[in-house]
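Summary of structural features
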Amino acid sequence: MKEKLIHYTLLFLILLMAGWLRINTFWMPHTSGDEFHYLALALKLDSCGLDGYNIRGVDYEYFSLDGVNELVELRMSADTGRGVLLEHMYAGGRGYYDNPLYNNSPGLSYLLMWSQKTLGHGKGYFVSASNHGKDALRRHPEDVLHAQFYAVFWPFVFGLVFVLLTYLFARMVFDLETALIAAFLIAANPVSILVSQKLWGDEISGVFVLMAAIFFFKGYKSRSTVFGVAAGVAAGIAILFKQTAGFFLIGITVFYFWDNRRMLTTATGIKKFLLNPFALAMVAAFVAVSGFWFLKVYEVYGEFIHKHLAGSEVSDSFAVIKRNRPPGVLVYLVGIPFLSPVFLFAWVVLSKKVRSFAGSDRQWIFPFLACWIFAYFFILVVFFTGKEHRYMLPAYPAMALLAAYVLNRIRVWGNRYTRSWKWLGADEFVVISLLLTAQWSIYQASDAIYNAAVIILKPF
């Protein structure tokens, strides 16, 4: 009973830490490019439905109620022109966002629209435009909180859910100690901390990717139709919040072929492979949930997946910054462990000897996690030019699980030799190591957040 109490107290403290690191979102500005776009899209969905899912015809105005804190309100334009928002984007070299149907899927904008009507009491689409930097730690103006609470509440909550689900997944797959370490790694991860304080869909999508992974784990081996449906629904919702959730689906498809490769040598095996009730249920549920969006994209663009990628002709400052970064392989391969050093341990699991400690009934989870991670890594490096850490975020729980697994194995091994030590043993060394690396990671996040940055430019 005492051990359980300690365990759940530690989990509560991790969630409390995660909340404290993300709480300033309620008072920080939310007028950066994509954040403003999603609010404008929520306004358009409110006024025009999915047929008006673009940023045309949106105006905005800055004002202050106290002479110190500046707010901005988005509203529909009175005329039928481009609107103030799009005119300013053209002036800044970002007219490539002027499309009949916005590039990104509508999940976040629907959520913001619904939240504005409920939590926001239908009073309008407001956000803060004032950056107080580190003063946000002590300055909490009520006008700002009330104005944008409806919008920032959900990224904040999903940030905590992301931590909690990582804990639950690690607990199912491995053990309680590994689960606590994995949750801590996500709670202190600088990319998660930054994204939780932006009106972006990456982490919300990551939550549903993680839910799909949990249901996949629960139902894959038993070929459960129920868990297949649950996994498909979660994956469908994930892709409605961020289309890069499709990378996860590619990863588990690769894993499915790899894990069942011996079936493909016989006609009976191929039939069993194709008629797996879990896989069929997952695909059907995914299509049922997200199919309307792909049909809409096809209606407008003549293809089910459409993504406008800004080319070298785009000259706005943010595009230039990303273009001047090193190749994506370095941004992710070097940048991820730079920001979260403990994630280096995830690669150690490639060693068969380390994996062997999990037991034969858990061996399949390692290639599953590897396919999940490398699907994101490979697609982002080869096919995309975004070069932003947040695009890898939905794969971070898999990396956290692997890193936590190695750390816990080190802790168990070290306890054999330090059990008789009076003050410091293996448990304490692991905790100290986690706290030191967390301090480093949190500093990287705080530097970006207090400067109202939209990208962590570390280490390059």
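Check the entry above for the structure.
Everything in this summary refers to the structure shown in the same document. (Residues numbered from 1 in each chain as written. Predicted model: local features only at pLDDT ≥ 70, side-chain atom pairs only at ≥ 80, totals over all residues. Heavy atoms only, no water.)

Now for the overall build of the protein chain. The helix and strand inventory of the protein chain stands at 20 helices and 3 strands. Here the protein chain has a C-alpha radius of gyration of 23 Å; the compact-globule value for 460 residues is 23 Å, and the two agree. Judged by the C-alpha coordinates and their principal axes, the protein chain covers about 70 × 65 × 45 Å. Within the protein chain, the fraction of its 460 residues that count as buried is 54%. Each charge class in the protein chain can be summarised by its mean position, and for the 40 positive and 30 negative side chains these summaries are 14 Å apart. (Helix = DSSP H or I, 4+ residues; strand = E, 2+ residues; numbered from the N terminus. Rg over C-alpha atoms; globule rule 2.2 N^0.38 Å. Buried < 20%, exposed > 50% of the residue type's maximum accessible area, 1.4 Å probe, protein only. Lys, Arg positive; Asp, Glu negative; His and termini not counted. Charge placed at Lys NZ, Arg CZ, Asp CG, Glu CD.)

The next thing to look at is the packing of aromatic side chains. Taken as a whole and judged by the stated rule, the model has 45 aromatic pairs. With a centroid separation of 5.3 Å and 75° between ring planes, the pair formed by Phe-247 and Tyr-376 is classed as edge-to-face. Residue Phe-247 is found in helix α10 (residues 246-259), and its partner Tyr-376 is found in helix α18 (residues 365-383); the two are separated by 129 residues along the sequence. When the ring centre of Tyr-90 is taken as reference, the NZ or CZ atom of Arg-82 above it lies at 3.7 Å. Here the guanidinium or amino end of Arg-261 rests over the ring plane of Trp-258, the centre of that ring lying 4.3 Å away. (Phe/Tyr/Trp six-rings, centres within 6.5 Å; stacked < 30°, edge-to-face > 60°. Lys NZ or Arg CZ within 6 Å of the ring centre and 35° of its normal.)

In this section: the pattern of salt bridges. Per the counting criterion, the structure on display carries 13 salt bridges. Between Arg-411 and Asp-427 there is a salt bridge whose closest N-O contact spans 3.0 Å. One end of the pair, Arg-411, is in helix α19 (residues 396-418); the other, Asp-427, is in helix α20 (residues 426-450), and 16 residues separate them in sequence. Residue classification places Asp-427 among the partly exposed residues on the basis of a relative accessible area of 31%. The salt bridge involving Asp-447 is made with Lys-458; its shortest N-O contact spans 3.6 Å. (Salt bridge = Lys/Arg side-chain N within 4 Å of Asp/Glu carboxyl O.)

Within the fold, Asp-59 resides in strand β1 (residues 58-64). Buried Asp-59, no salt bridge; nearest opposite-charge side chain is Arg-75, N-O distance 5.4 Å. Within polar-contact distance, the side chain of Asp-59 engages the side chain of Ser-77 at 3.4 Å. When residues no more than four places from it in sequence are discounted, the contact partners of Asp-59 are Glu-73, Leu-74, Arg-75, Ser-77, Ala-78, Gly-83 and Val-84. (Polar contact = N/O pair within 3.5 Å; in protein donor to acceptor, adjacent residues only side chain to side chain. Contact = heavy atoms within 4.5 Å.)

Looking now at a nonpolar patch on the surface. Among the surface-exposed residues, Phe-257, Leu-264, Ile-270, Leu-274, Leu-275 and Leu-280 lie close enough to one another that they form a single nonpolar patch of about 540 Å² accessible area. You can see Ile-270 is positioned in helix α11 (residues 267-274). (Patch = residues over 30% accessible without salt bridge, like charges linked within 9 Å, V, L, I, M, F, W, Y side chains within 5 Å. Areas by Shrake-Rupley, 256 points an atom, 1.4 Å probe, with all protein chains shown as cover.)

Here we take up the pairing of β1. Here 7 bridges tie β1 to strand β2 (residues 70-76), and the two strands are oriented antiparallel to one another. What sits directly across from Tyr-60, in β2, is Leu-74. Hairpin connection, β1 to β2: the antiparallel pair is bridged by 5 residues, and Gly-67 has positive phi, about 80°. (Pairing = 2+ DSSP bridges.)

Here the bond from Lys-458 into Pro-459 is cis, since omega is 0°, no more than 30 degrees from zero. In this structure, Pro-459 sits in the segment after α20. With phi around 55°, Arg-223 is a residue other than glycine that occupies positive phi space. Within the fold, Arg-223 resides in the loop between α8 (202-219) and α9 (225-241).

Every second residue of strand β3 (residues 125-128) is oriented toward a common face, with Tyr-125 and Val-127 on one face and Phe-126 and Ser-128 on the other, all of them buried. When β2 meets β3, the two strands line up antiparallel, connected through 4 bridges. In the sheet register, Glu-73 faces β3, and the bridge partner there is Phe-126.

Our focus in this paragraph is the environment of Met-89. With respect to the helices and strands, Met-89 occurs in helix α3 (residues 84-91). The class for Met-89 is buried, based on a relative accessible area of 7%. When the C-alpha positions of Met-89 and Ala-183 are compared, they lie 39 Å apart, and in sequence the two are 94 residues distant. With near-sequence residues (within four places) excluded, Met-89 lies in contact with His-37, Ile-55, Arg-94, Gly-95 and Tyr-97.

When α3 is considered as a whole, its buried residues turn out to be Leu-85, Leu-86 and Met-89. Take α3 and look down its axis: the buried residues cluster within an arc of 90°, on one side only. The inward-facing, buried residues of α3 contact α2 (33-48) and β1. Remark: Gly-93 follows α3 within two positions and exhibits a positive phi of approximately 80°. (Arc of directions from axis to C-beta.)

Next up on the list: the packing of helix α5 (residues 142-173) against α8. Close contact between α5 and α8 brings their axes to 9 Å; oriented N to C, the two are set at 20°. The angle between α5 and α8 falls in the class roughly parallel. In this structure, α5 meets α8 at a crossing whose hand is left-handed. On α8, the residues touching Pro-155, Phe-158, Gly-159, Val-161, Phe-162, Leu-165, Thr-166, Phe-169, Met-172 and Val-173 of α5 are Glu-203, Ile-204, Gly-206, Val-207, Phe-208, Leu-210, Met-211, Ala-213, Ile-214, Phe-217 and Lys-218. Partitioning the contact of α5 with α8 into residue classes produces 16 nonpolar, 3 polar and 2 charged. (Axes fitted to C-alpha atoms, helices over the stretch in contact; angles between N-to-C directions. Parallel < 35°, antiparallel > 145°, perpendicular 65-115°, else oblique. Left-handed = near helix turned anticlockwise from the far one by under 90°. Nonpolar A, V, L, I, M, F, W, Y, C, P; charged D, E, K, R; others polar.)

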